[in-house]
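Working through the structure, step by step
Chain residues, written in single-letter form:
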Amino acid sequence: MALGVSKKEKIDGLADSAGVSLAASAWKRLRRSPVFITGAVIIGIFIVISLLSPWLAPHSPSEPMLIDQVVKARNEIPPAQPGHPLGGDLQGRDFFSRLLVGSQQTLIVGVGATLIGLTGGLILGTLAGAIGGWVDSAVMRLVDVMLSLPSLLLAFSIAAMFARPSQFTVILAVAIVQIPVFARLLRGSMLAQRHSDHVLAATALGVKKGAIVFRHMLPNSLSPVIVQSTLVLATAIIEAAALSFLGLGNPDDRLPEWGQMLGDVQNVFDTHPHLAAWPAVCIIIVALGFTLMGETLREALDPKNRR
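To start, this report covers the structure provided alongside it. Residue positions are counted from 1 within each chain, in the order its sequence is given. Note on the predicted model: pLDDT of at least 70 is required for a residue's local features to be given, and 80 or more for side-chain atom pairs to be given and counted; whole-chain, interface and lining totals, by contrast, use all residues. Where side-chain values are given, they derive from all heavy atoms of the structure, hydrogens and water being excluded.

On to the pattern of salt bridges, then. Any Lys or Arg side-chain nitrogen found within 4 Å of a carboxyl oxygen on Asp or Glu counts as a salt bridge. Applying the stated criterion across every chain, the model contains seven salt bridges. Residue Arg93 pairs with Asp253 through a salt bridge whose shortest N-O separation is 3.3 Å. Pair noted here: Arg93 is in the loop between helix H3 (34–56) and helix H4 (95–131) and Asp253 is in the loop between helix H10 (222–245) and helix H11 (258–264), with a separation of 160 residues, a long-range link. Remark: exposure states derive from per-residue accessible area (1.4 Å probe, protein chains only) relative to the maximum for the residue type, with buried under 20%, exposed over 50%, and partly exposed in between. Using a relative accessible area of 6% as the deciding quantity, one classes Arg93 as buried. Note on Asp253: relative accessible area 24%, which makes it partly exposed. One salt bridge connects Asp136 with Arg187, and the closest N-O pair in it is separated by 2.8 Å. On the criterion of sequence distance, the pair formed by Asp136 in helix H5 (residues 133–148) and Arg187 in helix H7 (residues 167–194) is long-range, its members being 51 residues apart. Note on conventions: DSSP H or I runs of at least 4 residues are helices, E runs of at least 2 residues are strands, and numbering of each starts at the N terminus.

Our next topic: the nonpolar core. By size, the foremost hydrophobic cluster in this structure holds 31 residues, and its most contacted members are Trp258 and Phe290. Looking at this core, the element that brings in the most residues is helix H12 (residues 274–300), giving 10 residues. Only buried Ala, Val, Leu, Ile, Met, Phe, Trp, Tyr and Cys residues count toward a nonpolar core, and they belong to the same one when joined by side-chain atoms within 4.5 Å. Counting residues in hydrophobic clusters, the runner-up holds 17 residues, among them Val170, Val174, Ala236 and Ala240.

This part covers the side chain of Ser53. With respect to the helices and strands, the residue Ser53 is situated in helix H3. Here Ser50 takes part through its backbone oxygen, which lies 3.0 Å from a polar atom of the side chain of Ser53. Each residue touching Ser53, except ones within four places of it in the same chain, is listed here: Leu100, Val101, Ser103 and Gln104. Any pair of N or O atoms that falls within 3.5 Å is considered a polar contact. Within protein, one atom must be able to donate a hydrogen and the other to accept it, and sequence-neighbouring residues count only if both atoms are side-chain atoms. Any pair of residues with heavy atoms lying within 4.5 Å of one another is described as a contacting pair.

Expected span of a helix: the number of residues minus one, times 1.5 Å. Helix length check: H10, at 24 residues, gives a terminal C-alpha distance of 34 Å against a target of 34 Å (1.5 Å per residue), a fit within 8%. The largest bend in H10 is about 30°, located at Leu231. One or two positions beyond H10, positive phi appears at Gly247, with a value near 90°. One axis is fitted to the seven residues ending at the residue and one to the seven starting there. The bend at that residue is the angle between these axes.

In structure tokens, the structure reads:
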């Protein structure tokens, strides 16, 4: 009897496992992954701070309230003191407040560039994967050319083309660099869907090609693209910070951004390294959070890893 119950439980367990969807199975693994939890916590804290930074910042990021403690002749800046835990910068502004507000600008640039790049990649990838033929060849040759160039060099070249650098030019430059990544990934997913059973069945039933593409192929091809967007967010934040560091970002430093803060202190790094260390550490931690979360998402949603 005990043996019979054991067999029944085993069969039920196998049936339950077979009936679990890929998303449910992936979420079950993600909940137990310390890497995913670590990345999610980092990103959650970053988003909360970014959204609430105007209220969390104890002082205005643009007001030089500590200017009387700045002595440029001796390269002195306000030290840490009550009410100003990280002291001031070269213009006597509260450094802690600028660091908090800078997180919001970094989030805006990273998310904006990723969304624009994702949209452009979806358009090109859908055209290449759905139409095929010469359209596929033309799109892929353009993608190959863009991918053959180092992403940071391409972003730098695009940003340098604008006469007046701004936050939008940084977003646009980084977004254009990300388009071929999404386009190639979506095109590959759609080519795999083209020979799937449900697409072949819809084709045999006489369903129009447009309906097959937008109702069957595209929705089932988006999972790897969405996962890739979390990894691209990390890259977008780093590249945007690099452009701002090189002076191709928003020239108005009343709204700080972490890359811009790095560029502003490069001449005094030897005497005041903490002015560069804090924004650099913030960029590294946030990029690491997106990378950890994206890598675990990609592994969890891979059907080959399903158990």
